[in-house]
Amino acid sequence: MTEQAHDTRPRRPLREVVGDIDRDILRLLLRRHNLLARMHNSKGFLDPAEEKALRESWEAAVSRVSRDARLSGRFFSLMQEVEFLPRPNISQDREAGEAGQDAGAERRPAFNLAPPLRPVRLSMPAPLACRATRAWLMLAAASGRPLRIEPGLMNDPIVDCVKALNQLGAALTREEDGVTAREAAPLGAPDKVLHVGDSAWNFFLLLGHYLGRPSRAKFTGETSLKLADFSAVRHFLPQMGARLVHVVPKSDGLPARLECSGILPDAVSLPADVPAELAEGILLAAPFYERALTLDLAAHPQRKLILARVLPILRAAGADFSLTESRVRVAPGPLRLPARPQLPLEPELAVFLLALPLVLSGETRLDGDWPQWPGAQAAWELLRALGLDLRLDSRPGQPDENRSDSAVRAKADATLKRACLADLPAELLTELPPDWAPLPVALAACAALRGGEASLPELPGADMSEVTSFLHAVGLERNAEGRLCKTEQAASQLNAASAWNAPSPVWALALALTACARDTRGQGFRLGNPGVMTGLYPAFWALYNALPEPAAKRPVSGETPTAPARRRIITSAVAVPPELPEE
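Residues numbered from 1 in each chain as written. Predicted model: local features only at pLDDT ≥ 70, side-chain atom pairs only at ≥ 80, totals over all residues. Heavy atoms only, no water.

**Student:** Is there a simple way to explain the overall build of the protein in this structure?
**Tutor:** When you go through the protein residue by residue, the secondary structure sums to 20 helices and 21 strands. Per-residue burial over the protein gives 46% buried out of 583 residues. Within the protein, contacts between residues separated by at least 24 positions form 73% of all contacts whose residues are at least 6 apart in sequence. Accessible area of the protein: about 31,700 Å², with a carbon and sulfur share of 51%. (Helix = DSSP H or I, 4+ residues; strand = E, 2+ residues; numbered from the N terminus. Buried < 20%, exposed > 50% of the residue type's maximum accessible area, 1.4 Å probe, protein only. Contact = heavy atoms within 4.5 Å. Areas by Shrake-Rupley, 256 points an atom, 1.4 Å probe, with all protein chains shown as cover.)

**Student:** What should I look at first to understand the sheet that holds strand β10 (residues 267–269) in this one?
**Tutor:** One key point about sheets: their strands pair by backbone hydrogen bonds, in either a parallel or an antiparallel sense. Spatial ordering of the open sheet is given by β10-β11-β13-β12, a layout of four strands whose pairing is mixed. Edge strands, defined here as strands with exactly one partner in the open sheet, are β10 and β12 (320–324). Looking at each pair of strands side by side, their axes are set apart by 15 degrees on average, direction ignored. Contacts from helix α12 (residues 303–316) reach β12 and β13 (327–331), with the element oriented near 145 degrees to β12. (Pairing = 2+ DSSP bridges. Axes fitted to C-alpha atoms, helices over the stretch in contact; angles between N-to-C directions.)

**Student:** Before we go on, may I ask you to explain the packing of helix α3 (residues 48–63) against helix α4 (residues 69–81) in this structure?
**Tutor:** Angle between the axes and distance between the axes: these two values describe a pair of packed helices. Two elements in contact, α3 and α4, have axes separated by 10 Å at closest approach and are oriented at 135 degrees. Comparing their axes, α4 and α3 come out oblique. The way α3 lies across α4 gives a crossing that is right-handed. Contacts between α3 and α4 involve E51, L54, R55, W58, E59 and V62 from the former and L71, S72, G73, F75, F76, S77, M79 and Q80 from the latter. Tallied by class, residues from the contact of α3 with α4 come to seven nonpolar, four polar and three charged. (Parallel < 35°, antiparallel > 145°, perpendicular 65-115°, else oblique. Left-handed = near helix turned anticlockwise from the far one by under 90°. Nonpolar A, V, L, I, M, F, W, Y, C, P; charged D, E, K, R; others polar.)

**Student:** Before we go on, may I ask you to explain unusual backbone geometry in this structure?
**Tutor:** With the exception of glycine, most residues fall at negative phi, and the peptide bonds are largely trans. Cis rather than trans, the peptide bond between E150 and P151 has omega equal to -5 degrees. Note on placement: P151 falls in the loop between β3 (147–149) and α7 (156–168). Phi angles above zero are rare outside glycine, and K250 is one such case at about 60 degrees. Residue position: K250 is located in the loop between β8 (242–246) and β9 (256–260).

**Student:** How should I be thinking about the pattern of salt bridges in this particular structure?
**Tutor:** Note on pairing: side chains with opposite charge can pair once their charged atoms come close. In total, this model carries 26 salt bridges according to the counting rule given. Here R131 and E277 are joined by a salt bridge, their closest N and O atoms 3.2 Å apart. One end of the pair, R131, is in helix α6 (residues 130–143); the other, E277, is in helix α11 (residues 276–285), and 146 residues separate them in sequence. What makes R131 partly exposed here is its relative accessible area of 29%. By relative accessible area, which is 18% here, E277 ends up buried. Between R483 and E453 there is a salt bridge; the shortest N-O distance is 3.0 Å. Note that R483 is positioned in the loop between β19 (476–478) and β20 (484–486) and E453 in strand β18 (residues 453–455), a separation of 30 residues in sequence. One salt-bridge network, in which partners are shared between bridges, spans E363, R365, D389, R391, D393 and R409. (Salt bridge = Lys/Arg side-chain N within 4 Å of Asp/Glu carboxyl O.)

**Student:** Explain the packing of aromatic side chains to me, please; I cannot follow it from the model alone.
**Tutor:** The geometry of an aromatic ring pair comes down to the distance between the two centres and the angle between the two planes. Under the defined criterion, the tally for this structure stands at 14 aromatic pairs. Ring plane angle 75 degrees and centroid distance 5.2 Å describe the contact between F203 and F219, whose orientation is recorded as edge-to-face. Taken together, the residues F203 in helix α8 (residues 200–211) and F219 in strand β7 (residues 215–220) connect sequence positions 16 residues apart. Looking at F203, the relative accessible area reads 0%, which means it is buried. Ring plane angle 70 degrees and centroid distance 5.5 Å describe the contact between F470 and W500, whose orientation is recorded as edge-to-face. (Phe/Tyr/Trp six-rings, centres within 6.5 Å; stacked < 30°, edge-to-face > 60°.)

**Student:** Would you take a moment to explain the sheet that holds strand β16 (residues 406–412) for this structure?
**Tutor:** If you trace the four strands from one edge of the open sheet to the other, you get β2-β14-β16-β15, paired in mixed fashion. Since the sheet does not close on itself, it has two edges, and those belong to β2 (120–125) and β15 (389–394), each with one partner. Neighbour-to-neighbour, the strand axes of this sheet turn through a mean angle of 15 degrees, independent of strand direction. Sheet topology places β15 next to β16; six bridges connect them, and they run antiparallel. The residue of β16 that forms the bridge with L392 is V408. Its contacts with the sheet put helix α14 (residues 374–385) on β15 and β16, and the angle it makes with β15 is roughly 125 degrees.

**Student:** Looking at this structure, how should I read the nonpolar core?
**Tutor:** In a soluble, globular protein the nonpolar side chains are often hidden away together inside. Counting residues in each nonpolar core, the largest one holds 169 residues, and the members touching the most others are L165, F219, L443, F470 and F540. Sorting elements by how many residues they give to this core places helix α13 (residues 347–360) first, with 11 residues. Here this core spans two domains, since at least three of its residues come from each of domain 2 (130–330) and domain 3 (347–395 + 403–546). When residues no more than four places from it in sequence are discounted, the contact partners of L165 are L137, M138, A141, A170, L172, L187 and L206. (Core = buried A, V, L, I, M, F, W, Y, C linked by side-chain atoms within 4.5 Å. Domains from an automatic or database assignment.)

Have a look at this one:
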């Protein structure tokens with residue numbers, strides 16, 4: 001018999017071999033990251049010549065094994081921007097090993113999400129809409145008029161927008177929970193390098209501002225904008241007398257250079273594949289163009305959203321515009337900006353705060369106006385279809401001319417135990433923005449974790465791989481019929497060993513919402529990247545940790561402690577300086 005016949009050792013499953021290869025890839029990426037850190041210059045960046053040489057070497061190596069442009073372009077950009085945890089403490093790892101734990105198991109700065117399972121009592125002024133805030137700041141900077149916006153989200157996109165506008169010459173100041181625009185000269189279009197952060201909306205706002213005048217500029221951004229696809233924007237801009245050139249070869253994202261002739265057509269049609277945010281940026285900047293512009297939105301699938309978000313702002317600012325079916329004509333002219341514009345609340349955050357009574361019972365009250373946007377209305381109807389008592393009320397107290405007197409109230413007497421989303425009208429999930437897909441997923445997961453009936457259909461536009469990853473993190477799985485059921489291993493055991501990294505702030509909100517329906521015998525769910533919430537609402541964790549009755553702000557005491565009186569001691573001693581020797 002041959003030696004192979006005597007070998008009765010069981011073969012390892014291929015999934016285990018692939019898992020070992022994945023861990024080897026991570027170790028190589030970590031080593032590459034450490035070497036790049038040693039190559040950084042005195043400013044903490046990699047020299048462009050060095051990065052160009054690395055990119056050319058990578059593309060040459062990829063061309064020998066693959067024709068996939070994502071591997072040669074997007075994967076390289078991701079490797080350049082990826083972040084790792086700090087190097088572990090050897091003594092801590094040794095102590096963990098002696099205690100029978102995995103070395104480095106506690107190095108991840110994870111949040112344990114385990115709020116008290118008691119009825120919620122939340123009442124607070126709702127933060128104002130993030131995009132509407134930046135739109136008003138853009139109008140204030142472009143016209144040089146003063147205004148004040150509060151309470152704002154003060155998240156990363158707003159901070160990056162303020163920095164970019166100040167770089168152009170605006171006079172914006174962040175104060176406490178709001179932004180103040182002081183009177184200044186109207187913005188020009190200087191030839192500068194502008195950093196727009198990680199928000200495409202910031203990029204389109206500045207892009208619309210530059211299109212109306214002869215100008216040049218360069219735009220840079222964070223990882224998501226480097227990996228974004230702006231090819232449709234690049235193909236459309238020649239109709240506006242402009243040209244967008246990507247700096248990185250074979251890339252469709254930022255950094256990019258913009259060259260504008262300032263010669264605009266009388267009318268232009270927006271193609272269906274162009275982002276809706278570009279149309280909003282153009283309409284907001286159109287009052288400052290030299291001639292009237294007509295933008296035809298008939299071919300765009302999101303024309304209702306564009307009109308619902310932009311036209312109320314132009315009307316409140318006193319812009320000269322007209323609407324004929326789907327054609328918007330904006331004429332140049334001075335604007336009359338209110339000192340404190342009325343903005344709706346931020347629906348992306350509000351829908352999760354309003355859903356708290358569904359999973360904990362109780363009541364949530366948010367002071368502010370509910371936006372009349374298609375996606376916000378779909379989320380409103382979704383929450384009501386699942387049994388939440390939603391209504392618009394008047395805000396109690398004395399009327400304030402600087403704030404809305406409206407409030408949104410959500411109330412539920414019992415927790416959610418049935419969430420069959422497949423039985424709901426298809427229009428609710430179709431009109432819901434794809435970025436808000438974590439909301440129905442979290443609500444269905446809450447019902448399933450409590451032993452109720454829950455079904456989850458295919459969500460239009462959502463990344464189902466992210467949905468599957470989230471369900472695995474909370475100990476659920478989706479069967480072939482779309483029903484959610486618990487996995488063999490309990491969710492508490494799954495999350496006790498590892499933490500889940502949320503792909504976006506909305507997914508972090510979904511995990512925080514699902515933790516309200518966890519098994520009380522477990523430890524709760526662990527979030528590995530709680531800092532992702534700074535992209536939406538930096539103050540969220542302080543509010544979440546104070547459940548079930550968080551206070552909107554710490555009370556300010558009326559009495560200010562007086563400082564102790566300083567004692568002054570008078571003596572008869574006289575200080576005589578020593579004589580200096582003659583040189």
